[in-house]
Amino acid sequence: MFQISPVTGEDLDDLIVVRDDATKWLHSLETDQWQQPWPTPEGESERFRKSIEEGKTWIVRDRSDAIATFAIDESADPLLWTEAEQAERALYIHRFIVHRDYSGIGLGAKLMDLIEAWATHDDYRLLRVDVWTTNIRLHDYYRCIGFDHVRTIVSDYPSGALFQREVPKRAH
């Protein structure tokens, strides 16, 4: 059985292993995703640190092995989402990674369903994700698990492909 918990300082090395595994795999696919820290190494580290400190980054374990990670929050990036979209009750997913040793077993879809259940419980209307613009394979994955493509913003921001999925209403 898998265990899911917020990332703590003790999890940082494991979190880096999961991220590095994904970065190496993406490099093998000849995609530019995560090959350079964005916008800078310091900026990327600061985003990660803040998300962890605020309890918004999660780690998934199989026994003691870190096998996946993701961050969720209510922060709509104003460079990506319109004012009207920012006003909607949405939960945003960031840095959603499944270790390659656990790919192909449906773990990503199950984790997304769990996030959706959390969103349903807290009366969110939408799950949203911004996806690496050039990673078409990842766009296809999100479509496959029920996300709709909203639009793609072409700019210097690397994750400009926007996707969302409606959250079922909670039965009261």
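Just above, that's the structure.
Described below are features of the structure shown in this document. From a predicted model like this one, the values you see are computed outputs, not experimental measurements.

The next subject is the pairing of strand β2 (residues 57–62). With 6 of its 6 residues buried, β2 lies for the most part within the structure. The two faces of β2 match: T57, I59 and R61 on one face and W58, V60 and D62 on the other face are all buried. Alignment of strand β1 (residues 2–6) against β2, held across 5 bridges, turns out to be antiparallel. Bridge pairing in β2 places I4 opposite V60. Bridge analysis of β2 against strand β3 (residues 65–73) gives 6 bridges, and the strand direction is antiparallel. Residue pairing in the sheet places W58 in a bridge with F70 of β3. A loop of 2 residues connects β2 with β3, the two strands running antiparallel in sequence, and R63 in this loop sits at a positive phi of about 60°.

Moving on, we come to the sheet that holds strand β5 (residues 126–131). Strands sit in the order β1-β2-β3-β4-β5-β7-β6 across an open sheet of 7 strands; the sheet is mixed. Since the sheet does not close on itself, it has two edges, and those belong to β1 and β6 (148–152), each with one partner. On average, adjacent strands in this sheet sit at an angle of 25° to one another, irrespective of strand direction. Both β3 and strand β4 (residues 90–98) contribute to a ladder of 5 bridges, which runs antiparallel. Residue pairing for β4: A71 is matched across the bridge by H94.

The next thing to look at is the environment of P158. Here P158 is to be found in the loop between β6 and β7 (161–166). A sequence separation of 28 residues divides P158 from D130, and the C-alpha atoms of the two residues are 9.3 Å apart.

Definitions and limits used
Positions within a chain are numbered from 1, following the residues in the order the chain's sequence is written. Note on the predicted model: pLDDT of at least 70 is required for a residue's local features to be given, and 80 or more for side-chain atom pairs to be given and counted; whole-chain, interface and lining totals, by contrast, use all residues. The basis for the side-chain values is all heavy atoms of the structure; hydrogens and waters are excluded. Only protein chains enter the accessibility calculation, which uses a 1.4 Å probe; a residue is then buried when its area is under 20% of its type maximum, exposed when over 50%, and partly exposed in between. Numbering of helices and strands starts at the N terminus; helices are DSSP runs of H or I of at least 4 residues and strands are runs of E of at least 2. Paired strands, in this sense, are two strands between which DSSP finds at least two bridges. Angles shown run from 0 to 180 degrees and are taken between the N-to-C directions of axes, each axis being a line fitted to C-alpha atoms and, for helices, limited to the stretch in contact.

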